[in-house]
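Observations on the three-dimensional arrangement
The primary structure of each chain is shown beneath.
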Amino acid sequence: MWFYQEKNVKRTHKDNVFRMLFSDKELLLLLYNAINNTNYDDVDVLTITTLENAIYMSVKNDVSCMVDMRLELYEHQSTVNPNMPLRDLDYIADTFAKFYSDREIYSSNPIKLPNPRFVVFYNGEQNQPDVKTYKLSDLYVHKDEEPNLELIVTQININSGYNKDLMEKCQVLKEYVLYVERVRKYQRTMPIEKAVNRAVDECIEEGILAKFLSKNRTEVVRMSIYEYDEKLHAQALLDDGIKIGRVEGILGAITIMISMNCSNDEIISKIMETYELDEEDAKEYITKVRNR
């Protein structure tokens with residue numbers, strides 16, 4: 001006997017198109033069948049278990065569901081992330097907590113939990129194989145032969161040309177990828193809002209997610225623009241971090257050479273060679289250190 005508790009939670013994150021699309025139980029069941037090689041046709045066998053309030057360092061739980069006590073957690077990613085097992089550890093801990101009461105966890109009777117499976121649907125622009133596995137133990141400092149805690153995430157490449165069997169089994173997933181690729185194509189040459197609207201128009205005309213896009217056009221456009229802006233913001237933060245790290249590295253090297261009583265000429269020469277700077281920039285960094 002098991003139960004799944006729907007707790008009262010406040011939604012604290014913005015949805016994305018993938019999550020919105022597969023919040024439809026019929027479409028989610030199609031995806032489940034394709035991934036698991038099953039043929040369920042009654043949506044009542046499926047329970048949506050997506051965490052509505054999950055935020056862990058701005059990370060969102062996209063979609064999760066359960067069929068016959070088998071729990072599937074699906075994430076959509078456009079970047080490669082070896083930390084997904086750690087993120088999914090957060091998700092599964094919160095999800096498992098819905099299967100028992102606070103009192104039951106202290107009981108002498110074993111609690112019945114569903115078998116979890118963790119899948120990432122990847123459609124970024126980095127080169128990735130059809131299928132790739134990430135393990136929680138890969139993140140451990142000490143590599144034990146049999147780690148006491150393991151969590152395995154399967155990354156499935158859903159870009160065009162990859163995992164063709166899966167795409168044929170789940171037409172809606174295939175069409176989602178076609179929509180994303182259309183947006184990606186147009187945003188290279190036009191403002192993102194115009195790119196998204198053009199992609200939506202063409203997909204509706206060509207029968208690609210036509211019903212979904214026609215019904216939810218406003219939300220899809222908003223979400224697609226938000227997702228794109230979020231990626232740009234993340235890249236900007238990364239670029240800033242790299243720049244900051246480089247500057248700190250230069251200043252640190254100069255500080256060390258000054259402490260070693262190196263001459264200005266020696267410091268300039270070394271900094272120019274190591275960091276590929278011109279002489280004026282090297283002198284400016286030296287001045288910053290000496291004026292601290």
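Now for a look at the structure at hand. For every chain, the first residue of the written sequence is number 1, and numbering continues from 1 onward in sequence order. Owing to the predicted nature of the model, reporting of local features is limited to residues with pLDDT of at least 70; listing and counting of side-chain atom pairs is limited to 80 or more, with chain, interface and lining totals taken over all residues. Side-chain calculation: all heavy atoms of the structure are included, whereas hydrogens and water are not.

1. Regarding the packing of aromatic side chains
- Between 30 and 60 degrees the pair is tilted, below 30 it is stacked and above 60 it is edge-to-face, where a pair is any two Phe, Tyr or Trp rings, Trp via its six-membered ring, whose centres lie within 6.5 Å. Evaluation of the coordinates by the stated rule reveals 5 aromatic pairs.
- Aromatic pair phenylalanine 18 and phenylalanine 22: ring centres 5.0 Å apart, planes at 55°, arrangement tilted.
- Each residue is assigned to one of three classes by its accessible area relative to the maximum for its type, calculated with a 1.4 Å probe on protein chains only: buried under 20%, partly exposed between the two thresholds, exposed over 50%. On the accessibility criterion, phenylalanine 18 (0% relative accessible area) is buried.
- Its relative accessible area of 0% is what places phenylalanine 22 among the buried residues.
- Taking 5.4 Å as the distance between ring centres and 70° as the angle between the ring planes, the aromatic pair formed by tyrosine 74 and phenylalanine 121 counts as edge-to-face. On the criterion of sequence distance, the pair formed by tyrosine 74 in strand β3 (residues 70-77) and phenylalanine 121 in strand β4 (residues 115-122) is long-range, its members being 47 residues apart. In this pair, the class of tyrosine 74 matches that of phenylalanine 121, namely buried.
- Among the aromatic residues, ring-to-ring pairing joins Phe18, Phe22, Tyr74, Phe121 and Tyr176 into one connected group. Secondary structure is summarised from DSSP: a helix means a run of H or I of at least four residues, a strand means a run of E of at least two, and numbering begins at the N terminus for each.

2. Here's the deal with the nonpolar core
- Here, nonpolar core means buried Ala, Val, Leu, Ile, Met, Phe, Trp, Tyr and Cys residues that are tied together by side-chain atoms lying within 4.5 Å of each other. Counting 46 residues, the largest nonpolar core has Phe22, Leu31, Tyr74, Phe121, Leu173 and Tyr179 as the members making the most contacts within it.
- Among the elements that take part in this core, helix α5 (residues 171-187) stands out by supplying 8 residues, more than any other.
- The contact definition used throughout considers only heavy atoms, calling two residues in contact when any of these lie within 4.5 Å. Other than its neighbours up to four places away in sequence, tyrosine 74 contacts Leu28, Leu31, Tyr32, Ile35, Asn36, Asp62, Val63, Cys65, Val119 and Phe121.

3. Points about the pairing of strand β6 (residues 152-157)
- Bridge analysis of β4 against β6 gives 5 bridges, and the strand direction is parallel. Counted as the bridge partner of tyrosine 122 is asparagine 157 from β6.
- Pairing between two strands requires that DSSP report at least two bridges joining them. Two elements, strand β5 (residues 131-135) and β6, share 5 bridges in a ladder whose sense is antiparallel. Opposite tyrosine 134, over in β6, you have valine 153 as the bridge partner.

Spatial relationships are all this shows, so hold off on functional conclusions.
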